Amino acid sequence: GAIGAAGLGLSIGTGTGAAVETGEPSAWTREHANNIELTDDLTAPVIDENPDVISDDYWVWDTWPLRYRDGSIAKINGWQIVFSLTASKDLVPGARHNEATIRYFYSRNGHDWTEGGTAFENPLGHHQWAGSAMYDHEQDQIYHFYTATSPEPEFRQRLALGKGASLETGPHGVDLVGDQEHVIMAEADGELYQTLEQSRDQGIVYAFRDPWYFRHPETGEDMVVFEGNTPTDGEDPSDPRSYNGNVGVARATNDDLTEWELLPPNLEAIEVNQQLERPHYVFQDGKWYLFVLSHEFTFAPGLSGPDALYGFVADSLYGDYEPLNESGLVLANPEAAPFQGYSWLAMPQGNDVLVESFENFRGLDDTSRGEIGLDEVGFLPAEEQKELFGGTLAPSLKVQLDGTETRVVAELNDGHFIPSGGSPNGNGNGRGR
Ligand code: FRU
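Residues numbered from 1 in each chain as written. Predicted model: local features only at pLDDT ≥ 70, side-chain atom pairs only at ≥ 80, totals over all residues. Heavy atoms only, no water.

Colleague: Which residues make up the sheet that holds strand β7 (residues 141-149), and what are the values?
Modeller: By way of backbone hydrogen bonds, the strands of a sheet pair with one another, either parallel or antiparallel. Pairing is mixed across the open sheet formed by 8 strands, whose spatial order is β5-β4-β3-β2-β6-β7-β8-β11. The sheet is open, and its two borders are formed by β5 (114-118) and β11 (181-186), each paired with just one other strand. Within this sheet the neighbouring strands show an average axis-to-axis angle of 30 degrees, counted without direction. Relative to strand β6 (residues 127-136), strand β2 (residues 58-68) runs parallel, the two sharing 3 bridges. Bridge pairing in β6 places Tyr-68 opposite Tyr-135. (Pairing = 2+ DSSP bridges. Helix = DSSP H or I, 4+ residues; strand = E, 2+ residues; numbered from the N terminus. Axes fitted to C-alpha atoms, helices over the stretch in contact; angles between N-to-C directions.)

Quick look at the structure:
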């Protein structure tokens with residue numbers, strides 16, 4: 001199967017010698033999106049009161065675990081680590097994006113988290129957005145992939161790597177230590193990936209961000225998928241062609257992972273959706289399950305879909321991606337709380353996937369929605385805005401994958417679990433246990 005190579009302990013970058021073959025992007029079409037339906041199997045339960053807040057001082061949103069090169073969750077001397085976008089709770093929730101700082105949290109059991117500190121000393125960008133973190137246990141160093149973002153109105157996003165840090169573990173906690181070097185991996189090229197300038201008139205938001213590291217299960221190459229846009233001739237936000245989200249692909253061209261080459265996107269949502277956020281893979285039974293997040297407000301005119309985790313499956317990197325559940329919908333917020341969660345991350349656990357996310361505007365229910373829409377939140381007094389926002393990890397959910405179908409099987413009410421970690425090179429491609 002596709003995960004075979006992961007267990008061979010291939011040396012960095014050399015793989016089997018065969019380089020990945022690129023191909024045409026698959027399409028998420030309007031026809032697919034018209035099949036979106038919030039059935040029980042594809043809807044998260046309403047989050048109960050969850051007083052267990054991960055940080056008193058910081059809003060916490062997009063989160064990713066430290067993983068080994070083979071994709072499995074790292075457990076180092078008994079500790080698991082997650083990284084999160086964070087910002088001071090002095091800010092109103094809407095202001096957090098432009099002040100995002102990556103911080104780490106550690107845990108012995110994968111659900112009770114203690115705040116460590118900042119992940120970087122001198123990162124690139126005015127602020128940092130989502131990414132992924134890989135620990136090479138032989139080199140004892142972390143490769144931290146992130147988005148170097150410029151402040152508005154420039155709003156530029158570049159893929160960046162911070163490397164050199166390692167971990168000092170003790171009986172009571174974990175420290176990030178070591179000098180870090182930061183490099184830009186890639187910028188939008190204007191051909192495969194739309195530049196900010198090209199997008200100016202078109203749309204609502206722009207993306208070149210969220211690099212998610214994986215080792216290609218067959219070739220052993222070091223790669224990332226990321227959130228991009230395909231250049232299109234859409235004219236303004238009323239033009240469906242202005243909605244041009246894609247899943248970008250890049251490959252490292254040196255063993256240090258400091259040099260990268262942009263490859264064509266492998267999935268596009270032209271005339272469907274503007275944002276295919278935080279793309280990531282789960283490899284199971286030789287299948288490539290590609291997950292993305294998207295928002296209700298980024299669907300193209302004439303379509304509608306919820307804030308949700310969406311997914312696609314193929315048998316290779318540039319295979320023919322089929323939308324899961326015929327529409328792509330995998331895990332939606334419930335209609336009664338349409339903005340309660342976001343930024344779902346699917347991680348393999350045994351034969352299922354465990355989906356971690358954060359509590360978003362959980363205070364907006366469908367009744368208040370008529371009165372206070374998401375757009376209006378920013379006009380409320382600061383304290384009221386903060387009341388409506390979660391800004392902490394949500395209860396994780398267990399989802400079953402069965403070919404092209406999925407269903408929610410459990411909510412893990414007592415915690416913000418990530419799968420338990422183990423030692424590297426033993427578990428296959430992040431299959432956990
Ligand atoms: C998803 C997201 C990411 C981005 C971050 C910015 O929640 O939009 O794509 O990195 O949030 O806050």
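Colleague: Describe the site of the ligand, naming the residues involved and giving the relevant values.
Modeller: Around the ligand lies a shell formed by Trp-61, Asp-62, Leu-85, His-97, Trp-129, Ala-130, Arg-209, Asp-210, Glu-227, Glu-277, Tyr-342 and Ser-343. Between an oxygen atom of the ligand and a side-chain N or O atom of Glu-227, the distance comes to 3.4 Å. Here an oxygen atom of the ligand sits 3.4 Å away from a polar atom, N or O, in the side chain of Ser-343. Protein chains bury 94% of the 320 Å² of accessible surface belonging to the ligand in isolation. (Near = heavy atom within 4 Å. Polar contact = N/O pair within 3.5 Å; in protein donor to acceptor, adjacent residues only side chain to side chain. Areas by Shrake-Rupley, 256 points an atom, 1.4 Å probe, with all protein chains shown as cover.)

Colleague: So what's going on with the pattern of salt bridges? Residues and values would help.
Modeller: Under the defined criterion, the tally for this structure stands at 12 salt bridges. Put simply, Glu-261 and Arg-251 hold a salt bridge, and the shortest N to O gap is 3.2 Å. Here Arg-251 lies in strand β14 (residues 244-252) and Glu-261 lies in strand β15 (residues 260-270), a separation of 10 residues in the sequence. Owing to a relative accessible area of 32%, Glu-261 belongs among the partly exposed residues under this scheme. Salt bridges sharing partners connect three or more residues here, namely Arg-209, Asp-210, Glu-227 and Glu-277. (Salt bridge = Lys/Arg side-chain N within 4 Å of Asp/Glu carboxyl O. Buried < 20%, exposed > 50% of the residue type's maximum accessible area, 1.4 Å probe, protein only.)

Colleague: Would you mind going over the sheet that holds strand β1 (residues 26-27) in detail, with residue names and values included?
Modeller: Across the sheet, 5 strands lie side by side as β1-β15-β14-β13-β12; this open sheet has mixed pairing. Edge strands, defined here as strands with exactly one partner in the open sheet, are β1 and β12 (209-215).

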